[in-house]
Amino acid sequence: MKSLEPSLKDPGRKPRIWFNTNLSNTAIVIRTIRESCAPGEEFFFVGSHTSPKAPISRVADLFEAEPTGLGSSGYVQWCLDFVRRHDIDLFIPRNHVAAIAANRQLFEAEGVKLILPADAATIELIKHKAYFYEFLGAGLVPQPDYRLVGTLEAFKSAYAELSAKHQRVCYKPPVGIGGRGFKIITTGGEKLFSEWDKEQLSVDYDEAVAAFAASESFPELMMMQFVPGLERSVDCLARDGKLLGCIVRVKSADGKDELLEDNPLLVEYSRRVTAKARLNGLYNVQFLEAGGEQYLLEVNSRMSGGTHYGALSGVVYPYWAIRLALGTATESDIPTPKTGIWVDRATRQIVTRSG
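Note that the structure is predicted; figures quoted are calculated from it, not measured. (Residues numbered from 1 in each chain as written. Predicted model: local features only at pLDDT ≥ 70, side-chain atom pairs only at ≥ 80, totals over all residues. Heavy atoms only, no water.)

Visitor: Which residues make up helix H8 (residues 152-165), and what are the values?
Guide: The end-to-end C-alpha distance of H8 is 20 Å, a good match for the 20 Å that 14 residues give at a rise of 1.5 Å each. In this fold, the buried residues of H8 make contact with strand S6 (146-149), strand S7 (169-172), strand S8 (183-186), helix H9 (205-214) and strand S10 (221-225). (Helix = DSSP H or I, 4+ residues; strand = E, 2+ residues; numbered from the N terminus. Expected span 1.5 Å × (residues − 1). Contact = heavy atoms within 4.5 Å.)

Structure follows, in structure tokens:
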């Protein structure tokens, strides 16, 4: 068993930080962490991914391809073997994160610290958007008007109720990544397309009903009011339900730039969600705007794909998460991010905008 405090027993040793399979931006996040280090401060980054050619393989000090097909319990055992073989000090998991959280004591017994977004049960709850909305409660932060449906008759009934109150109605799977399965319901042949990739987002109501009626089983769906406004992404750092800091990002209308926005309302909403779910470490909260109201879209129990843009606020939250976990910084050391900054998404450079 490894010493619980290896860096104290060997002051010259670089702490070994492991990121397992995650989004491709993890490679950029590692670069921003290195750029944030104080003089003489160094970390040894270990990466693993199911793809041997993943971007993290080119920036990590040590990289190993992950096996596939192990299942959750098999993957946890592989991870335990990995931390022993590579003498890991701090593990920041994304792949199978709920299973790892459920077995955190096994990692801690090996002297490995973990940065986890929540306990295992909460991580699983967050995956199901409707159940998570219900857990938070309608009075905590504004939520879109929604119905969880599991039959064709419930689908029809929910559409009738929602369309009577809202201009447009949409649906999506309650468990899923990104916009997969998202559709806006239209009538009369109207078609709607994404401004980003021109993909058709709409489905005719009668065609949807016919398709669901013809299928052998009805998929569980969230029927919701369609919230058409700008999406805001809040990159958060917390400790045991206490929000330590966050950066609010909003894309420009053309999608080319992002504003690191001063938005006290969304900071407060994120604080409420964090406290209610006792969130921890690094995670992301998303909101949609409509009619002057900000609606909670979802929580991502991981660093967001745009974390590296927020780093241009002058605060790299993954860096501070690592230092907090290693005990080399306190909450009071974390600086306040700068806001009002526009970032070019393609170049990751600060740009000047007139509006």
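There's plenty left to go through after this.
Visitor: How would you explain the side chain of Ser 202 if you had to name every residue and give the values?
Guide: Relative to the helices and strands, Ser 202 is located in strand S9 (residues 202-204). The buried category is assigned to Ser 202, whose relative accessible area is 4%. Non-local contacts of Ser 202, meaning those with residues more than four positions away in its chain, are made with Lys 183, Ile 184, Thr 186, Glu 190, Lys 191 and Leu 192. (Buried < 20%, exposed > 50% of the residue type's maximum accessible area, 1.4 Å probe, protein only.)

Visitor: Provide a residue-level description of the packing of helix H6 (residues 120-127) against helix H7 (residues 129-136), including the pertinent values.
Guide: In helix packing, the relevant descriptors are the interaxial angle and the interaxial distance, both defined with respect to the helix axes. Between H6 and H7, the least distance of the axes is 5 Å, while the angle of their chain directions is 115 degrees. Counting all contacts with H6, which are made through Leu 125, Ile 126 and Lys 127, the residues of H7 involved are Lys 129, Tyr 131, Phe 132 and Phe 135. Residues of the contact of H6 with H7, tallied by class, amount to five nonpolar, no polar and two charged. (Axes fitted to C-alpha atoms, helices over the stretch in contact; angles between N-to-C directions. Nonpolar A, V, L, I, M, F, W, Y, C, P; charged D, E, K, R; others polar.)

Visitor: I'd love a proper account of the environment of Glu 161, names of residues and values included.
Guide: Tracing the backbone shows Glu 161 in helix H8. The exposure class assigned to Glu 161 is partly exposed, which follows from its relative accessible area of 39%. When the C-alpha positions of Glu 161 and Arg 147 are compared, they lie 9.4 Å apart, and in sequence the two are 14 residues distant.

Visitor: For the nonpolar core, give the residues involved together with the corresponding values.
Guide: One recurring pattern in soluble globular proteins is that nonpolar side chains are buried together. One finds Trp 18, Ile 100 and Phe 107 to be the most contacted residues of the largest nonpolar core, which totals 52 residues. It is helix H3 (residues 71-85) that provides the largest number of residues to this core, a total of seven residues. Dropping the residues within four chain positions of it, Ile 100 is found in contact with Asn 20, Tyr 75, Val 76, Cys 79, Phe 91, Pro 93, Asn 95, Phe 107, Leu 114 and Leu 116. By size, the runner-up hydrophobic cluster in this structure holds 37 residues, among which are Val 29, Leu 282, Val 315 and Tyr 317. (Core = buried A, V, L, I, M, F, W, Y, C linked by side-chain atoms within 4.5 Å.)

Visitor: Which residues make up the packing of aromatic side chains, and what values go with them?
Guide: Enumeration according to the criterion identifies 21 aromatic pairs in this entry. Among the aromatic residues, ring-to-ring pairing joins Trp 18, Tyr 75, Trp 78, Phe 82, Phe 91 and Phe 107 into one connected group. Over the aromatic face of Phe 44 sits the side chain of Arg 16, whose NZ or CZ is 4.1 Å from the ring centroid. The ring of Phe 135 has Lys 276 sitting right over it, with the charged end atom 5.4 Å from the ring centre. (Phe/Tyr/Trp six-rings, centres within 6.5 Å; stacked < 30°, edge-to-face > 60°. Lys NZ or Arg CZ within 6 Å of the ring centre and 35° of its normal.)

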